[in-house]
Every structure is written in structure tokens, then in C-alpha cells.
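Here is how the chains run, residue by residue.
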Amino acid sequence: MLRALKLEPEKCTGCLQCEMACSYENEGVFNPAKSRIKVFTFHQEGRFAPYTCTQCEEAWCLHSCPVEAIVINADTGAKEVLDNVCVGCKVCTIACPFGTVNYNQDSGKVMKCDLCGGDPWCAKACPTGAITYVDVDNTGLDRMRAWAQQSPARPASHVEPRPKEIATYSRAQ
Amino acid sequence: MAWTGNVLRVDLTSGKIAAEPLNMEWARDYLGQRGLATKYLYEEIDPTIDALSPANKLIMTTGPLTGTMAATGGRYSVVTKSPLTGAVACSNSGGFIGAEMKMAGWDMIIFEGKSPQPVYLYVENENAELMPADDLWGTSVWETDERLHAKHQDPLIRIACVGRAAEEGCLYASVVNDLHRAAGRSGVGTVMASKNLKALVCRGTKGVGNLKDPMRFFQATEQGKKVLAENAVTGQGLPKFGTQVLMNVINEVGAMPTRNMREVQFEGAHKISAEAMHEPRSDGTPNLHTNAACFACTIACGRISTIEKGHFTIENKPKYWGASGGLEYEAAWALGSDTGVDDLETLTYVNFLCNEDGIDPISFGATVAAAMELYERGVISQAETGGIDLRFGSAEALARATELTARGEGFGKILGLGSLRLCEKYGHPELSMTVKGQEFPAYDPRGIQGMGLAYATANRGACHLRGYTVASEILGIPEKTDPLVTEGKAELVKAFQDATAAVDSSGLCVFTTFAWGMEDIAPQVDAACEGDWSAEKMLEVGERVWNLERDFNLRAGLTRADDTLPHRLLEEGANTGPAEGKVNDLQQMLPRYYEIRGWTENGELSDETRRRLRV
């Protein structure tokens, strides 16, 4: 099963545990400045929002790379940067519509989320469940369930089977 | 080692900035932050100096776990000699500035002397530069923050600065970081402004690493987070209700200081409580907008609030229409119960102002309360207040008094003196609810006996964060003791004081101790830091820090006579509640406390204690 990072800003408290986990996994130090995931604070609105690469299927970054330094990890679906190939031209940072590929002046390469090879540290570190790693086909499941729960309940007295209209599946000629 | 090993020393008089290695010999004895910076202060200044003279130093300091993934590992402290108390000052704050200092590679920044002109310090990793702040002088914290972000064109800089109150000499001005977190107590902001230092602007991209045993560090910190998540207070109570969870609890046990501590229960407590902050207002929204975390905090007790649309305090003032730091228990108590004001929206507005211009809401609220009592007795006239009808319970008077104090205007100048100097000025020092010149926090020591001893002996003056025996006496953490008896309280106070001093020296937040004991904290420190950091060693460090602070104060001229409480708490019985008729029996606890501290009858460190703790 392919999985994706599911971000739920309404659960985020802005603690930056995800940024520290990400930077430690990738750089060996706690360093939000080098994190592939970022938490944004909208102070006047009292809102926090984590944001990172969504691993586009038709990835702009991958297609724009002139040296084919961005490749697909078949196991995770992640678009990964090959550091030994990347020349630091930054074209991918222009191509990405979401801004989630960024240059790292210390390495001279670009950096982006690689899903930690299928075990993303940010999701493990998040204390509130604002970042989870779930079935890529069902990232909306919880939200659907919440809305479904608000739909009208069947009255308790309603014991009669509901009349059914038999649908006609054959296309009208 | 999770220390960076680097200290930045800034001579404001000459403008010279230099890096130096952290004194690791001291770090082994004092760990970091509160303890280590106090050691620097103790060794480097004459404790008898005027706190607002250039001879004083101001140290911004982090702990070894600041900037790490340890839960709450984002604290920093501002250590200096206090202008309010004349004693040692150490004010602790969360937010993000402490971690940013560490990311830039600095354990500590020591400010010396006084700049000839207003300046701010800009730090970007190893580059540090003093920059002119003439255009920022006279502006609020919020405006300074906005202008500096615009000037540096860098949304990721972190800022700690002082507001107009500090510049105008308010003696309990704070250093505010990240817009609404503050090193709040004892006037550390006043010292900063006295040096013509407006702000620290920091940007760090180097990161914090160098852990002694990374695998063990992750195990220990994960285990710690699990304990916090599963504990009812840190896992449920604090995120949902914040520290305000205490408002109704403390009121019920009759320990809610009310109207300048004349009473011990506030009839309006439920209107300004955590529960009230969740209630929908006329527009359908509650006062509390969301909770918020400081750096690395998995508790997230911070409050983000809005003021009700159309409330009289914010009419035609759009800058207060958005969300910002909301009421915590101490602010809600001091600004509310102690002044008799039960309007949640006014208190939120006043809290915004305290952040906007950097004043300590505890000392401010308690000073207004003292002024209100003097006003009701006819000692202060309406002419002197500049027309403010300073009655207990008046939301309008409180709001106006705050505006004036925040800007250092009119009667606000006098309120900025603090409760003790204000009461002395009007000939009634006995009405000042202070210890060593610092105003009380939100627990009446007649209903919680141990807190009387904790207040009387706290090294920075009356303070709840130096020995929070409320945890044991009211909440039963780690075990329940009777709040109305004095037996065993000397031992309890000492244990809390030592443990807290250790936590405050680590980079962690003291709120973790609702769930964590030293056996949860020591493994995290030990896995990060060189040396052996067992629970016993941590408590020894705490005891050493406590004694060092005490010795600083003694050298500054304080004596055992300063280990006392106001007459009202020692002689006038509580008027209602479970503690009705009781006073604080300080003298039944104090001699025993000196004894177990290893101090003489005069409250001085004995030679044996000095030898044992190497102080």
C-alpha cells in the first residue's frame, strides 16, 4: 500500500517537533532551518499549519531537472533528490508550484521531503496527530467519517424496510 | 554535549563583541541556564551595585536541552540583578528565541555596560552586530517586532525586546519574545532598557547536535513525552484549559488572593476562569481561540485568545481585533481577582497590553490592587490618578491604568514603581503585598501554608515558580499534604526549591513536573550531556544553585529580616473558606528550614554547607 503524509492544520500547536525530527534524520542535528517540513504561524488568526511536499504524481520538480537528479522511489512513491547527481541549479525550486523544494547553501544541493524511505520521522514526532502517514487513496477518510456522522440518523421508530426503487442500470436507448 | 560551548560577550559601552568558550568547569557544577548564568553573574558583578547602573550585567541564557527534541526543550532565561528587589533576578520564558540562540551556536549572551545610543543586537550564527535602534526607541514590543521583520526582510528571525514601559523606567518591565511570551518577573526588561538595548534579533541555521548518546537520548525523550501525554494534567488539563485550570480549584480551597489580599475567595472567579474562556460569547465565538505550544513543547498550554467584537476596550482599535496571547492563571488572577474585576474581555485586553509593552501582569495587577485599596481609603485622590475612579472592580479604571503604565504616562509612572514603593510613597508600606519588594502571585499562603515559607525564602522575592508546594498541598503531586498544617513543610519547600532550580538550569519547562519526577528528567539530561547526570546529581545541582542565589542576595545586603511576609498574612485571619481564621504560621517553619538548608540562625550559609556544595 502506498502511503502519504496527511496534514491536519487544525490539530497543529506549532511546537516544531516535526521540524526537529526531519532535520535530525536528514542532517544529524536539530535544526528547523534545514527541515523539509515547515510549520507556519498565522499569529493574528491564531492558526498553525504544517506544510511539505505532497509527492505529485507528475512531479514538476522531476520533469524540470536537467540532470535527472530527482527520481521516483518505487516503494514509497517519493520523489527523491540524488545528492551525487544534483548540481544545485535550482530549476526545480522554480518549477515546484508549492515551494516545497528548497536550496541548501551548506550542501550546494536542493532538499525536499523523501518520506524518510517510508518511515517519516515528522509523523512519528508529532504529538497531536496533525501529521500522520496513511493510505494514499484514503487521506480524506477521517474527514468523510466526521461529515458522515453529522448526517441525519434513521429514526428509532423506523422499523419498516424502506421502499426501494429498483434502479435501471441499462442505458436508455 | 548539548551545550554549544560558546558564549557571546557584548560590551555595550565600547561596542566590542567577542566570543569566548563556555566555562565547562562551572557547567559541571551548575548545568546551564538559571544555575550557570547565576554563577557568571555572581563571579562578575559586585552584588551591591545599583541594578540600573552600567555596572550591572544582563545575561540571556539557554540550557543544554534548549533547542533539542526533548519535550519543552525551548526555554531561556534572563539573569541579572533586579531593580525591583535588589536581589538576583532570573526570569524564564518559552517561545522560540532560546532555541534560536542555540541554533545560532550560543549558550549564552552576556551584555555589559551601557550603550551611548539605543541599539539592538543582530545575531546570525557566528556574526553578531550592534545596530542603531533610535527609530525603535519609544515604540512598543509589537511595533518593534514588525519593524525589525520589515527591515531585515527575513520572516524567520526571532526577536526578544523591551517595550515602552521598560524605557520609561517601570520597575517590573519584562523582556518579551515572539510577541507574547515573556521573561516576566523582577524587572529584567527595565535593566535591558537601562543599557539602551532595545532588542535581540536572532537567526540560527547551525542546529543543535553533539548529543552524548543519541540513541539513548531519543529513548529517554520519547519515554518522557509518553509520560506527559498520559498524565491527566499535562496530557488533558493544561492543553485544554491552560494554567487557568487552577482558577476554580484555588478559589474553592480559599487561597485566591482577592482585592489586595483582603479576602481569600473571589465571587467572580467563575467568570474569569478557564471554563469561562471556552463559553461562546454574544457573537458565538469563545474567548479562547486555540491552544499553542512553545518550541518543542508537547503539552501546549499556551492560550491564544480574541477580544469580543465591539467590546468597549477595543472600539476603533483594530490592532487588538486579531488573536494574540490570552490569559494564563497568574495574569487572570492578578489583573482580575486581585483588582476585583470580573470581566474576562477587559482582562484579555489588559493582558494584550502587558505583552504589547512588556510589563509583568502579576506585579502590575498587584500594584493596581494596592493602589485601589489606598484609593478606597482616601489616601490616593482622584486628582492624583489623573481622573481615574480607581475603585475595586472597575474594568474601565483597570483598562485606563494599564494603558498609562504600559506607556509610562501620568499616574502610570507611579504604578510603575511597584506595590512596595507606591505604598511607601503614600505612607502605608503595610498595604504592600510583597516579599523583598516583589508582588505575590496567585496563592494565598493562609490557605496553603507551605507557600508562605516558599514566598518568604524565594531568592527573587515572592514567587510561585521557585517552590511550587501547591502541587503537593492542593493537587497531590507527587503526594498529598495538608495545606493547613505547617509540619513537614520546611522539608517540602526545600525539596521543591532544589528540584525546580535543577529543571530551570536544564532548558526544560517547570510545568513538566506536574508529570515528571527527577527520575524522568535526569536520563534526558544524561543522554545529552557529558558527565554523569543522575537524579541525585541533578538535585545536588539544584541545591547548589539555590545556595549560590542566596549568597548573592546576602552579599547584596539582604538579611534574614527579608525572609518574611506582609503583616496582613501573618496577623489577619483568612475571612472565608476552609482556612477561615487562619494566618500563615511562618515562624513555625522558618527555623527548621534554615536548619535543613545548612544555614546559621541568621540564614547565612554555614562553612560546612559552603564546603559541601562548593559555593
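Here is what the cut-offs are and how they apply
Residues numbered from 1 in each chain as written. Chains lettered and ligands numbered in written order. Predicted model: local features only at pLDDT ≥ 70, side-chain atom pairs only at ≥ 80, totals over all residues. Heavy atoms only, no water. Helix = DSSP H or I, 4+ residues; strand = E, 2+ residues; numbered from the N terminus. Rg over C-alpha atoms; globule rule 2.2 N^0.38 Å. Buried < 20%, exposed > 50% of the residue type's maximum accessible area, 1.4 Å probe, protein only. Areas by Shrake-Rupley, 256 points an atom, 1.4 Å probe, with all protein chains shown as cover. Lys, Arg positive; Asp, Glu negative; His and termini not counted. Charge placed at Lys NZ, Arg CZ, Asp CG, Glu CD. Pairing = 2+ DSSP bridges. Contact = heavy atoms within 4.5 Å. Axes fitted to C-alpha atoms, helices over the stretch in contact; angles between N-to-C directions. Buried area = accessible area lost by both parts, 1.4 Å probe. Salt bridge = Lys/Arg side-chain N within 4 Å of Asp/Glu carboxyl O. Polar contact = N/O pair within 3.5 Å; in protein donor to acceptor, adjacent residues only side chain to side chain. Nonpolar A, V, L, I, M, F, W, Y, C, P; charged D, E, K, R; others polar. pLDDT = per-residue confidence, 0-100. Phe/Tyr/Trp six-rings, centres within 6.5 Å; stacked < 30°, edge-to-face > 60°. Lys NZ or Arg CZ within 6 Å of the ring centre and 35° of its normal.

Secondary structure assignment for chain B yields 24 helices and 17 strands. By the compact-globule yardstick of 25 Å for 615 residues, chain B fits well, its C-alpha radius of gyration being 22 Å. In chain B, which comprises 615 residues, the share counted as buried stands at 68%. Total accessible area computed for chain B in this model is approximately 19200 Å², and 50% of it derives from carbon and sulfur atoms. Computing the positive centroid from 60 side-chain charges and the negative centroid from 82, chain B places the two 2 Å apart.

Here we take up the sheet that holds strand E14 (residues 302–305) of chain B. Residues and elements named next belong to chain B. If you walk across this open sheet you meet the three strands as E13-E14-E15, and the pairing is antiparallel. Sheet topology places strand E13 (288–292) and strand E15 (324–325) at the edges, where each strand pairs with a single neighbour. Two strands pair when backbone bridges link them, and E13 and E14 are joined in this way by four bridges, in the antiparallel orientation. Along E14, the bridge assignment pairs asparagine 291 with arginine 303. Here helix H8 (residues 232–241) sits on the sheet and contacts E13 and E14; the angle it forms with E14, its principal contact strand, is near 30°.

Let us look at the interface of chain B and chain A. The interface is formed by 38 residues belonging to chain B together with 22 residues belonging to chain A. The junction of chain B with chain A conceals about 2100 Å² of combined surface from both sides, 63% of it contributed by carbon and sulfur atoms. Where chain B packs against chain A, one counts zero salt bridges. Where chain B packs against chain A, one counts ten residue pairs in polar contact (both at pLDDT 80 or more). Those elements giving two or more residues to the side of chain B that touches chain A turn out to be helix H7 (214–230) and E13 of chain B. In the side of chain B that touches chain A, the residues fall into 20 nonpolar, 13 polar and five charged.

What follows concerns the pairing of strand E7 (residues 119–124) of chain B. Residues and elements named next belong to chain B. The buried fraction of E7 is high, at five of six residues. Judged from the six bridges that link them, E7 and strand E8 (residues 127–132) form a sheet pairing that is antiparallel. Bridge pairing in E8 places valine 123 opposite alanine 128. In this structure, the hairpin formed by E7 and E8 is closed by a connection of two residues, where asparagine 125 is found at a positive phi of approximately 50°.

Now for the confidence of the model for chain B. Residue-level pLDDT values for chain B average 97, and 100% of them are 70 or greater. For this predicted complex, the interface score ipTM comes out at 0.95, alongside a pTM of 0.96.

Once that is clear, we can look at unusual backbone geometry. Residues and elements named next belong to chain B. Omega for the bond connecting isoleucine 477 with proline 478 falls within 30 degrees of zero, at -5°, which places this linkage in the cis form. With respect to the secondary-structure elements, proline 478 resides in the loop between helix H18 (470–473) and helix H19 (489–503). At arginine 259, a position not held by glycine, the phi torsion is positive, near 45°. One can find arginine 259 in the loop between helix H9 (246–252) and helix H10 (274–278).

So, on to the side chain of asparagine 260 of chain B. By the secondary structure assignment, asparagine 260 of chain B is in the loop between H9 and H10. Polar contacts involving the side chain of asparagine 260 of chain B include one to the side chain of glutamate 373 of chain B, which spans 2.8 Å.

On to the packing of aromatic side chains, then. In the structure shown here, the tally under the stated rule is 20 aromatic pairs over all chains. Look at phenylalanine 30 of chain A and phenylalanine 217 of chain B: their rings are 6.1 Å apart centre to centre, the planes differ by 55°, and that puts the pair in the tilted class. Highlighted residues: phenylalanine 30 of chain A in the loop between helix H1 (17–27) and strand E2 (38–42) and phenylalanine 217 of chain B in helix H7, drawn from two different chains. Each of the two residues, phenylalanine 30 of chain A as well as phenylalanine 217 of chain B, counts as buried. Taken together, Tyr24, Phe30 and Trp121 of chain A together with Phe217 and Phe218 of chain B form an aromatic cluster joined through their ring pairs. The aromatic ring of tyrosine 103 of chain A is capped on one face by lysine 90 of chain A, whose charged end is 4.3 Å from the ring centroid. Between arginine 555 of chain B and the ring centre of tyrosine 42 of chain B, over which it is positioned, the NZ or CZ distance is 4.5 Å.

Here we come to the sheet that holds strand E4 (residues 76–81) of chain B. Consider a sheet: its strands pair through backbone hydrogen bonds, and that pairing is either parallel or antiparallel. Residue and element names in this part refer to chain B. Strand order in the open sheet made by the six strands is E2-E1-E6-E3-E4-E5, with mixed pairing throughout. In this open sheet, the two strands that pair with only one neighbour each are strand E2 (16–21) and strand E5 (88–93). Geometrically, the sheet is characterised by an average inter-axis angle of 15° between neighbouring strands, direction not taken into account. Looking at chain direction, strand E1 (residues 6–11) and strand E6 (residues 108–112) are connected through five bridges and run parallel. Bridge pairing in E6 links aspartate 11 to glutamate 112. Across the face of the sheet, helix H2 (residues 33–44) comes into contact with E1, E2, strand E3 (58–62), E4, E5 and E6 while running at roughly 25° to E4.

What follows deals with the pattern of salt bridges. Counted under the stated rule, the structure contains 57 salt bridges over all chains. Between glutamate 143 of chain B and arginine 147 of chain B there is a salt bridge; the shortest N-O distance is 2.6 Å. Of this pair, glutamate 143 of chain B and arginine 147 of chain B both sit in helix H4 (residues 141–152), separated by four residues, roughly a single helical turn. The residue aspartate 360 of chain B makes a salt bridge to arginine 185 of chain B at a minimum N-O spacing of 3.0 Å. Of this pair, aspartate 360 of chain B sits in the loop between helix H12 (344–357) and helix H13 (361–376) while arginine 185 of chain B sits in the loop between strand E11 (181–183) and helix H6 (188–194), placing them 175 residues apart in sequence. Each member of the salt-bridge network shares a partner with another, and the members are Lys6, Glu8, Lys11, Asp142 and Arg145 of chain A.

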